[in-house]
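Chain by chain, the residues run as shown.
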Amino acid sequence: MSHLPQGDQAPKRHRKLKISLVIIGVLVVLALGGLGNFLFDFALNPHASYTMKQMQDSEAEDEPQQTYAEEDAALSWFEKKGVPCSMTADDGTPLAGYYFAQKGQSGVASQMDVQNASGQDTAGERGSQHEYAICLHGYTNDPQSMALYVKRFYDRGMTVLAPAARAHAGSGGDYIGMGWPERLDVVKWIEAIVSRDPEARILVFGESMGAATAMNVAGEELPSQVKCIIEDCGYTSVWDEFSVQLADVFGLPSFPLLDVANVVCNLRAGYDFHAASSLEQLKKAEVPMLFIHGDADTFVPYSMLDQNFDACASKVKQKLVVEGAAHARSAQVDPELYWNTVDKFLDKNF
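Residues numbered from 1 in each chain as written. Predicted model: local features only at pLDDT ≥ 70, side-chain atom pairs only at ≥ 80, totals over all residues. Heavy atoms only, no water.

(A) Representation of the pattern of salt bridges within the structure. Here the structure, examined in full by the defined rule, presents 12 salt bridges. The residue Arg156 makes a salt bridge to Asp347 at a minimum N-O spacing of 2.8 Å. In this pair, Arg156 sits in the loop between helix H5 (147-155) and strand E4 (159-163) while Asp347 sits in helix H13 (residues 335-349), placing the two residues 191 residues apart along the sequence. On the accessibility criterion, Asp347 (57% relative accessible area) is exposed. The partner of Lys283 in a salt bridge is Glu280, and the shortest N-O contact between them spans 2.9 Å. Overall, Lys283 belongs to the partly exposed group, its relative accessible area being 48%. (Salt bridge = Lys/Arg side-chain N within 4 Å of Asp/Glu carboxyl O. Helix = DSSP H or I, 4+ residues; strand = E, 2+ residues; numbered from the N terminus. Buried < 20%, exposed > 50% of the residue type's maximum accessible area, 1.4 Å probe, protein only.)

In structure tokens:
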């Protein structure tokens, strides 16, 4: 009986091992790619079959809902007073929002393509002619969610613009930008105001994702008409926030799934989780800034407040901590402290 020498069997075993490793590697890559696409869709694709928004809504149904009289009244006012407006972003994306004009602002309104279908006068009562607030909403919300803030600034005598972020409400875009592409959209809205009212004095205010947008705006080259920025519970970067959510929702570390989801985001949405950094943008900030955060916030961790504040290069900066406030609830938990701080900051810097 003949036998093959052991030397002839070794190469065959090595080839089989290499083939097995290649197959395993391909399967791992395919699995990671699938999971990366799932995470991208879950977080950033509002048209996906299962999204973070759906999960949040499902959880909210099981929780007792607190209502605040001022919020309810403001929402009713918003829906009666708000006039739809629109703009086209530099990349061609249609942008939508609502406009609340004080008297003397018809020229600016026309620049923004305000659609006053009812034909009613939209002018405000206090007649402030050059003061504006741009109110930016949070993740998966809409301009109506900013009604409380819109009405407060309007009652102060400011003309208010409440735009919808990309892939939200009436604005175009396939994917949520988390405040990164939106920073340039806000600059576009600012330019529209300034082009028709060179004497404008503009506040940019944002909550949650809108706060991150506002901080990102702070790092852009802004016209002198932008006088100050207020952010309420914004995150340090998209990467940091998604790392928190990946751990909280799925109990998983960032590596390697978030890295793969980031590659997917670069390919499908055209931006990078690391580059979308409020911290880096704040290093270029020049306008006075107010940072607000509730110390009971776990969705955007309270620890991010100091990180954002410390990164800000503005000569004038201030922070407010609201005790016991969960995410985006500071104005509801302690409205007196909240609005006294905001009003004093505006009185001094706006």
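Following the structure, the description resumes.
(B) Examining helix H3 (residues 69-81) more closely. Over its 13 residues, H3 runs 18 Å from end to end, which matches the ideal 18 Å to within 8%, given 1.5 Å per residue. Those residues of H3 that are buried lie in contact with strand E1 (83-88), strand E2 (94-100), H5 and E4. (Expected span 1.5 Å × (residues − 1). Contact = heavy atoms within 4.5 Å.)

(C) Region of interest: H13. Here H13 contains 15 residues, and its C-alpha end-to-end distance of 21 Å stays within 8% of the 21 Å for a straight helix at 1.5 Å per residue. If you check which residues of H13 are buried, you get Tyr338, Trp339, Thr341, Val342, Phe345, Leu346 and Asn349. Mapping the buried residues of H13 onto a view down its axis gives an arc of 155°, with all of them on the same face. Facing away from the buried side of H13 by more than 90 degrees, the exposed set consists of Glu336, Lys344, Asp347 and Lys348. (Arc of directions from axis to C-beta.)

(D) Representation of the packing of H5 against H13 in the model. Contact geometry for H5 and H13: axes closest at 12 Å, N-to-C directions at 45°. In this view, H5 runs oblique relative to H13, as classed from their interaxial angle. Seen from above, H5 lies across H13 with right-handed handedness. For the pair H5 and H13, the contacting residues are Tyr149, Arg152 and Phe153 in the first and Tyr338, Trp339, Val342 and Leu346 in the second. Here the contact of H5 with H13 is built from residues that sort into 6 nonpolar, no polar and 1 charged. (Axes fitted to C-alpha atoms, helices over the stretch in contact; angles between N-to-C directions. Parallel < 35°, antiparallel > 145°, perpendicular 65-115°, else oblique. Left-handed = near helix turned anticlockwise from the far one by under 90°. Nonpolar A, V, L, I, M, F, W, Y, C, P; charged D, E, K, R; others polar.)

(E) Structural detail: the sheet that holds strand E7 (residues 289-294). A sheet is described by the order of its strands in space; here 8 strands give the open sequence E1-E2-E4-E3-E5-E6-E7-E8, paired in mixed fashion. With one partner strand each, in any of the chains shown, E1 and strand E8 (317-322) form the two edges of the open sheet. In this sheet, adjacent strand axes meet at a mean angle of 20° when their direction is disregarded. Bridge count between E7 and E8: 6 bridges; the pairing is parallel. Residue pairing across strands places Leu290 opposite Gln318, the latter belonging to E8. (Pairing = 2+ DSSP bridges.)

(F) View of the nonpolar core. The biggest cluster of nonpolar side chains holds 35 residues, and the ones touching the most others in it are Ile190, Ile202, Val204, Leu282, Met289 and Phe291. Other than its neighbours up to four places away in sequence, Met289 contacts Met215, Ala218, Ile229, Leu282, Cys312, Ser314, Val316, Lys317, Gln318 and Phe345. Grouped together as the second largest cluster of nonpolar side chains are 32 residues, Ala133, Met146, Leu203 and Phe350 included. (Core = buried A, V, L, I, M, F, W, Y, C linked by side-chain atoms within 4.5 Å.)

(G) Local environment of the side chain of Arg166. By secondary structure assignment, the location of Arg166 is in the loop between E4 and helix H6 (181-196). Residue classification places Arg166 among the buried residues on the basis of a relative accessible area of 11%. Of the polar contacts made by the side chain of Arg166, one reaches the side chain of Asp91; its length is 2.9 Å. Ignoring sequence-local partners within four residues, the contact set of Arg166 consists of Ala89, Asp91, Thr93, Leu95, Ser171, Gly172, Tyr175, Ile176, Pro181, Glu182 and Asp185. (Polar contact = N/O pair within 3.5 Å; in protein donor to acceptor, adjacent residues only side chain to side chain.)

(H) Up close: the confidence of the model for the protein chain. Averaged over every residue, the pLDDT of the protein chain is 88; residues scoring 70 or more account for 81%. This model gives residues 116-127 a pLDDT under 50, and the stretch forms 24 contacts once residues within four places in sequence are excluded. (pLDDT = per-residue confidence, 0-100.)

(I) Quick look at a nonpolar patch on the surface. A cluster of nonpolar side chains, contributed by Phe38, Tyr50, Phe250 and Leu252, occupies part of the molecular surface with about 340 Å² of accessible area. With respect to the element layout, Tyr50 can be found in the loop between helix H1 (6-44) and helix H2 (52-61). Overall, Tyr50 belongs to the partly exposed group, its relative accessible area being 40%. (Patch = residues over 30% accessible without salt bridge, like charges linked within 9 Å, V, L, I, M, F, W, Y side chains within 5 Å. Areas by Shrake-Rupley, 256 points an atom, 1.4 Å probe, with all protein chains shown as cover.)

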